[in-house]
Amino acid sequence: MKSRFLSNFGCSLLLACVLLAFSGYTAAAGGNKEKSGSVLTVGATPVPHAELLNLIKDDLAKQGITLKVVEFTDYVTPNSALVAGDLDANFFQHIPYLESNTDWTARLSSAFGVHIEPFGLYSSKFKNIADLPNGATIAIPNDPTNGGRALLLLQSKGLITLRAGAGLNATSRDITSNPKNLRFRELEAALLPRSLSDVEAATINGNYALQAGFNPLNDSLIIEGADSPYVNIVVVQKGKEQDAKITALKNVLLSPRVKDYINKTYNGGVVSVF
């Protein structure tokens, strides 16, 4: 009788240990899942996007969200990573660029807009647009939307004329008038600042101009106005625009503190839209 009691007691003790270990594993797994769910991973180009995101990390942390910023130096990989699910969102592009790729538009969507980075023409050789010589070579971005943006900027200052209806996706083939016989060299956007020693001027996206140490308002020969349609947006996978973490990101990114930081830091090179 005593032996059976001890045997039953031993089995009960063993079962209790197993159940306790299992419940501990389940709790740990649940804890890890909860911890993983509190991470928001956002891909961004360094300036100003990653800088703005790093500015609000503590604000999100107070809401239990750990913001992880992954920096990219090109304009293609952040969308590929978002499509693949390696990111929760990205912050580097404007709507015309997002809409330039049908695979992106089928899978990705704008969650909200944040700022404009006025696009400018820069030169290391000339201080005034009137000094550009006949036959000057102008470097422009090689992606369709930013290339068209560059040509529209040049047209707005009377340097070229584009075919009526060419629109945001204009190319050099749409040029109908070119009084100075300007020549165009298409380069990856990130390489444009480094091209200045090889060309007479280059049209450079605001983030790359800032990253290269330029003050867009002071250093550009010509620059877009604040009414530019190229608002930089936070992009997510379709259907996730209203997710709780994205909503939290929107609330802290479109805050008076961030607006004040933009105004004080970028001297007109970044213009908030909120």
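Preceding this paragraph is the structure being described.
This is a predicted model, so every value here is computed, not measured.

**A look at the packing of aromatic side chains**
- Evaluation of the coordinates by the stated rule reveals seven aromatic pairs.
- Seen in terms of ring centroids, Tyr261 and Tyr266 are 6.1 Å apart; in terms of plane orientation they differ by 80°. Their pairing is edge-to-face.
- A relative accessible area of 26% means that Tyr261 is categorised as partly exposed.
- Clustering of aromatic rings is evident, with ring pairs tying together Tyr75, Phe92, Tyr97, Trp104 and Tyr208.
- Lys259 extends its terminal NZ or CZ atom over the ring of Phe274, reaching a point 5.5 Å from the ring centre.

**Here's the deal with helix H7 (residues 144–156)**
- If you check H7, its first and last C-alpha atoms are 18 Å apart, about what 13 residues at 1.5 Å a residue would give, namely 18 Å.
- Among the residues of H7, those classed as buried are Thr145, Asn146, Gly147, Gly148, Arg149, Ala150, Leu151, Leu153 and Leu154.
- Residue Gly158 follows H7 closely and has a positive phi angle near 80°.

**So, the environment of Leu249**
- As for its placement among the helices and strands, Leu249 is situated in helix H10 (residues 244–253).
- When the C-alpha atoms of Leu249 and Ile65 are compared, they prove to be 9.3 Å apart, with 184 residues separating the residues in sequence.
- Contacts of Leu249, omitting those with residues within four sequence positions, involve Leu40, Val42, Leu53, Ile56, Leu60, Phe112 and Val234.

**Points about empty space enclosed by the protein**
- Counted under the stated rule, the structure contains one cavity of 30 Å³ or more.
- Here the largest cavity defines a volume of roughly 90 Å³.
- If you list the elements that add at least two residues to the lining of the largest cavity, you get strand S3 (89–94), H7 and helix H8 (206–211).
- Per-element tally for the lining of the largest cavity: the top contributor is S3, with three residues.

What counts as what
Residues numbered from 1 in each chain as written. Predicted model: local features only at pLDDT ≥ 70, side-chain atom pairs only at ≥ 80, totals over all residues. Heavy atoms only, no water. Phe/Tyr/Trp six-rings, centres within 6.5 Å; stacked < 30°, edge-to-face > 60°. Buried < 20%, exposed > 50% of the residue type's maximum accessible area, 1.4 Å probe, protein only. Lys NZ or Arg CZ within 6 Å of the ring centre and 35° of its normal. Helix = DSSP H or I, 4+ residues; strand = E, 2+ residues; numbered from the N terminus. Expected span 1.5 Å × (residues − 1). Contact = heavy atoms within 4.5 Å. 1 Å grid on protein atoms, 1.4 Å probe; cavity = no way out; pocket = protein on both sides within 12 Å on 5 of 7 lines; lining within 4 Å. Points joined across faces, edges and corners; volume = space filled by probe spheres on them.

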